Amino acid sequence: MEDSSRRSRWLTRLAISLVVVIASLAGGAFLLSRTDGPVFIFAGGPFRSGELVDFSAIDWNSLDALHELELEIVGAESSRTLWFSVTEGVPYVACDLDCVGGRLTRWPQQIERDNRVVIRIDGKRVDGQLIHVPHETAEYEKARAGRELKYSGTGGGRAAAETAAHGAVVEVGEALTGRSKRAEPGDRMYRVDPRAGA
């Protein structure tokens, strides 16, 4: 009888703990979806702040000194922080993990449905669209080389630490998903273009 009562109290506490954890996660997700952009590594809501400027008014070459930009995916009404690089004055973003055809849903799958984006960088917002750059094209090779040069970490410091950590995550992801054995890798590179009709 006493064992049954003890077990019942334990199960009740476990159930209450689970409800609290689930409610906290749901509440956190709800609050993040209402934020003005991403919060640290967590996806956020659509942008509300930042001066809206024309795509041609952005000096991408000078902004290449920065590591990150914020990207709002219009169709998904969500935003995230991404590394970016600039090659010949053109900005590129990439998803190095198993983005397409993998086990997890990633932001490139949202871009496949609706490629409209808003970029926020240096206090400015600009309407754009992401254009997939296929593997084995000259543009892909050039943009990938520029990205690797920027984030190689040869200068040490933050870039070196972030690149090492990022590389380890990608390697583990490739091992778990089998991406490295597929003919078409799951990573995706995108060119940021002015939005059509904007």
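## Here's the deal with the overall build of the chain
And then number 1: Counting its secondary structure elements, the chain contains five helices and nine strands.
And then number 2: Along the chain, helices (α) and strands (β) appear in the sequence α-β-β-β-α-β-β-β-α-β-β-α-α-β when read from the amino end.
And then number 3: For the chain, buried positions account for 35% of its 198 residues.
And then number 4: Sequence separation of 24 or more characterises 66% of the internal contacts of the chain that already satisfy a separation of 6 or more.
And then number 5: Counting only carbon and sulfur atoms, one obtains 58% of the accessible surface of the chain, whose full area is about 11600 Å².

## Notes on unusual backbone geometry
And then number 1: In the Ramachandran plot, Asp122 falls in the positive-phi region, its phi being about 55 degrees despite a non-glycine side chain.
And then number 2: Relative to the elements of secondary structure, Asp122 occurs in the loop between strand S7 (116-121) and strand S8 (124-133).
And then number 3: Its identity is not glycine, yet Glu136 carries a phi of approximately 65 degrees, on the positive side.
And then number 4: Counting through the fold element by element, Glu136 comes out in the loop between S8 and helix H4 (138-150).
And then number 5: Classification of Glu136 by relative accessible area gives exposed; the value is 74%.

## Section: the pairing of S7
And then number 1: Judged by how many residues are buried, S7 sits mostly within the fold: five of six residues are covered.
And then number 2: Relative to S8, S7 runs antiparallel, the two being bridged by six bridges. Bridging from a neighbouring strand, Ile119 pairs with Val126 of S8.
And then number 3: Here S7 folds back onto S8, and the loop between the two strands holds two residues, one of which, Asp122, carries a positive phi near 55 degrees.

## Regarding the pattern of salt bridges
And then number 1: Under the definition given, this model contains seven salt bridges.
And then number 2: For the salt bridge of Asp114 with Arg116, the shortest nitrogen-to-oxygen distance reads 2.7 Å.
And then number 3: For the salt bridge of Asp127 with Arg195, the shortest nitrogen-to-oxygen distance reads 3.4 Å. A residue pair is termed long-range when its members are at least 10 positions apart, and Asp127 in strand S8 and Arg195 in the segment after strand S9 (188-194) qualify at 68 residues.
And then number 4: Given the relative accessible area of 26%, Asp127 is considered partly exposed.
And then number 5: Residues joined in a network through salt bridges with shared partners are Glu139, Arg191 and Asp193.

Rules and cut-offs
Along every chain, residues carry numbers that run from 1 in the direction the sequence is written. Under the rules for a predicted model, residues below a pLDDT of 70 receive no local features and side-chain atom pairs below 80 are neither given nor counted, while totals for whole chains, interfaces and linings still include all residues. Note that water and hydrogens are dropped before the side-chain values are worked out from all heavy atoms of the structure. Strands here are runs of E lasting at least two residues and helices are runs of H or I lasting at least four, both read from the DSSP assignment and numbered beginning at the N terminus. Think of it in three bands: with a 1.4 Å probe and only protein chains considered, a residue is buried below 20% of the maximum accessible area for its type, exposed above 50%, and partly exposed in between. In what follows, a contact means two residues having at least one pair of non-hydrogen atoms within 4.5 Å. Per-residue and other accessible areas follow the Shrake-Rupley method at a 1.4 Å probe size, with only the shown protein chains counted as cover for residues. Two strands pair if DSSP finds at least two bridges between them. The salt bridge criterion pairs a side-chain nitrogen of Lys or Arg with a carboxyl oxygen of Asp or Glu, the two atoms within 4 Å.

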